[in-house]
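In case you want the letters, here they are:
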Amino acid sequence: KDPPIQPSLELASFDVDSAVSQCLEGLTFCFSGVLEGLGRIESQEMVKILGGRATGNVSGKTTYLVLGEVLEDGRPYQDGKKFKTAEERGTTTVLGVE
């Protein structure tokens, strides 16, 4: 079996301070794992404030899956169902680091 695909982007590459209102319009985000520096609810609210949509599961409409290094139960994100679904669907994954 091939090794898991690594996230294609890091959250640090996005400058929140220069974000333009509605800059995430038309994009759908899903979150998985423990995010450093910003909780999941706060992350989802930020997406909504910037015009995006936040969902609880990866679907064909998901644009980005934002990942914490580890899941809530301590397993690596690669073991999670959301990551595996995103990998199967070709959804862009973003590693949420400070």
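Only a predicted model underlies this, so the values are computations on that prediction, with no experimental measurement involved.

Let's talk about the packing of aromatic side chains
Alright, step 1. This structure, assessed with the given rule, holds 2 aromatic pairs.
Alright, step 2. Seen from their ring centres, Phe29 and Tyr64 are 5.3 Å apart, and the 25° between their planes marks the pair as stacked. Placement of the pair is Phe29 in strand β2 (residues 28-32) and Tyr64 in strand β4 (residues 64-67), with a sequence separation of 35 residues.
Alright, step 3. Take Tyr64: its relative accessible area is 23%, and that puts it in the partly exposed class.

Observations concerning the environment of Lys48
Alright, step 1. Structurally, Lys48 is set in helix α1 (residues 40-49).
Alright, step 2. Along the sequence, Lys48 and Glu25 sit 23 residues apart, while their C-alpha atoms lie 8.8 Å from each other.

Some words on the side chain of Ser32
Alright, step 1. Note on placement: Ser32 falls in strand β2.
Alright, step 2. Look at Ser32 and you get buried, because its relative accessible area is 7%.
Alright, step 3. When neighbours within four sequence positions are excluded, Ser32 is seen to be in contact with Arg40, Leu65, Val66, Leu67, Gly68, Leu71 and Lys82.

Considerations on helix α2 (residues 81-89)
Alright, step 1. All of the buried residues in α2 are Lys82, Phe83, Thr85 and Ala86. Looking down the long axis of α2, one finds its buried residues gathered within 165° of arc, a one-sided arrangement. Within α2, the exposed residues directed more than 90 degrees away from the buried face are Lys81 and Glu88.
Alright, step 2. Elements in contact with the buried residues of α2: β2, α1, β4 and β5 (92-95).
Alright, step 3. Where α2 ends, the next residue or the one after it, Gly90, has phi of about 75°, a positive value.

Looking at the pattern of salt bridges
Alright, step 1. Counted according to the given criterion, the structure contains 3 salt bridges.
Alright, step 2. With a closest N to O distance of 3.8 Å, Glu45 and Lys48 form a salt bridge. Here Glu45 pairs with Lys48, and both are found in helix α1, just 3 residues apart, close to one helical turn.
Alright, step 3. The exposure class of Glu45 is partly exposed, given its relative accessible area of 38%.

A few points about the side chain of Thr62
Alright, step 1. Considering the arrangement of structural elements, one finds Thr62 in the loop between β3 (53-55) and β4.
Alright, step 2. Looking at Thr62, its side chain comes within polar contact range of the main-chain nitrogen of Ser59, at 2.8 Å.
Alright, step 3. Those residues in contact with Thr62 that sit more than four places away from it in its chain are Thr28, Cys30, Thr55, Asn57 and Thr91.

Definitions and cut-offs
Residues numbered from 1 in each chain as written. Predicted model: local features only at pLDDT ≥ 70, side-chain atom pairs only at ≥ 80, totals over all residues. Heavy atoms only, no water. Phe/Tyr/Trp six-rings, centres within 6.5 Å; stacked < 30°, edge-to-face > 60°. Helix = DSSP H or I, 4+ residues; strand = E, 2+ residues; numbered from the N terminus. Buried < 20%, exposed > 50% of the residue type's maximum accessible area, 1.4 Å probe, protein only. Contact = heavy atoms within 4.5 Å. Arc of directions from axis to C-beta. Salt bridge = Lys/Arg side-chain N within 4 Å of Asp/Glu carboxyl O. Polar contact = N/O pair within 3.5 Å; in protein donor to acceptor, adjacent residues only side chain to side chain.

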